[in-house]
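Secondary and tertiary structure notes
Single-letter residue listing:
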Amino acid sequence: SPVTIQSSNYFFTTIKDITNIYDVKNDQLRFFSVLGPIVSVVVAFIMLILSKLLTSRINRLRKSTMKVANGEYNAIEIKSKDEIGELADALVSMRDELLRQEKTKEEMIHNISHDLKTPIATIKSYGESIKDGIYPYDTLEKSVDVIIENADRLEAKVHSLLFMNRVEYLISQDC
């Protein structure tokens, strides 16, 4: 049985029967030796489930980005509010911007090809006419001047196109 000593400010209690301490300690060891592995298995199982959920969403993002890289603009279907959801939203924005740029590029190519066809057609038709002995502008010199004029227009358009391409390249290198 415990012995209690009282002082003015402190109480001291001692345990006479030391075997009680060892019994309590042994009971605790047995309890934790059974509970420890069970808790470890449960925690490992929970971590496995969470890692599978996380990696499956990351794999879906990876597959979607590979499709975008290959020109397939599929929807990315991850609707979460965490960092992976934010990454999915950023990828959707990137995909939309790529689509917009591709449409702009197609329009520009269409416009450029139209602009280049006109001088080429003029040069070709005037050259064929001169070859046949017909001068569309009364004299050979005036007809050749039209050919030179259209060749200069064509050259200016090509220089402009090359300049725009260089500027776009330099801008992309600064980013």
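Everything below is about the structure shown above.
So, how was this worked out
- Residues numbered from 1 in each chain as written.
- Predicted model: local features only at pLDDT ≥ 70, side-chain atom pairs only at ≥ 80, totals over all residues.
- Heavy atoms only, no water.
- Patch = residues over 30% accessible without salt bridge, like charges linked within 9 Å, V, L, I, M, F, W, Y side chains within 5 Å.
- Areas by Shrake-Rupley, 256 points an atom, 1.4 Å probe, with all protein chains shown as cover.
- Salt bridge = Lys/Arg side-chain N within 4 Å of Asp/Glu carboxyl O.
- Lys, Arg positive; Asp, Glu negative; His and termini not counted.
- Charge placed at Lys NZ, Arg CZ, Asp CG, Glu CD.
- Helix = DSSP H or I, 4+ residues; strand = E, 2+ residues; numbered from the N terminus.
- Buried < 20%, exposed > 50% of the residue type's maximum accessible area, 1.4 Å probe, protein only.
- Expected span 1.5 Å × (residues − 1).
- Polar contact = N/O pair within 3.5 Å; in protein donor to acceptor, adjacent residues only side chain to side chain.
- Contact = heavy atoms within 4.5 Å.

What about a negative patch on the surface?
Side chains of Glu141, Asp145, Glu149, Asp152 and Glu155 sit close together on the surface and give a patch of like negative charge. Mapping glutamate 149 onto the fold places it in helix 3 (residues 140-174). Classification of glutamate 149 as exposed rests on a relative accessible area of 52%.

As for unusual backbone geometry
A positive phi angle is found at aspartate 138, which is not glycine, with a value near 65°. You can see aspartate 138 is positioned in the loop between helix 2 (83-131) and helix 3. Among the residues examined, aspartate 138 registers a relative accessible area of 67% and is labelled exposed.

As for helix 2
Between the first and last C-alpha of helix 2 there are 70 Å, a value that for 49 residues agrees with the 72 Å anticipated at 1.5 Å per step. All buried positions along helix 2 are accounted for by Ile84, Gly85, Ala88, Leu91, Arg95, Pro119, Thr122, Tyr126, Ser129 and Ile130. A positive phi of about 85° marks glycine 133, the residue just after helix 2.

As for the side chain of asparagine 150
Residue placement: asparagine 150 occurs in helix 3. For asparagine 150, the side chain forms a polar contact with the main-chain oxygen of valine 146, separated by 2.9 Å. One polar contact links asparagine 150 to arginine 153, side chain to side chain, over a distance of 3.1 Å. Setting aside residues no more than four positions away along its own chain, asparagine 150 makes contact with Pro119, Thr122 and Ile123.

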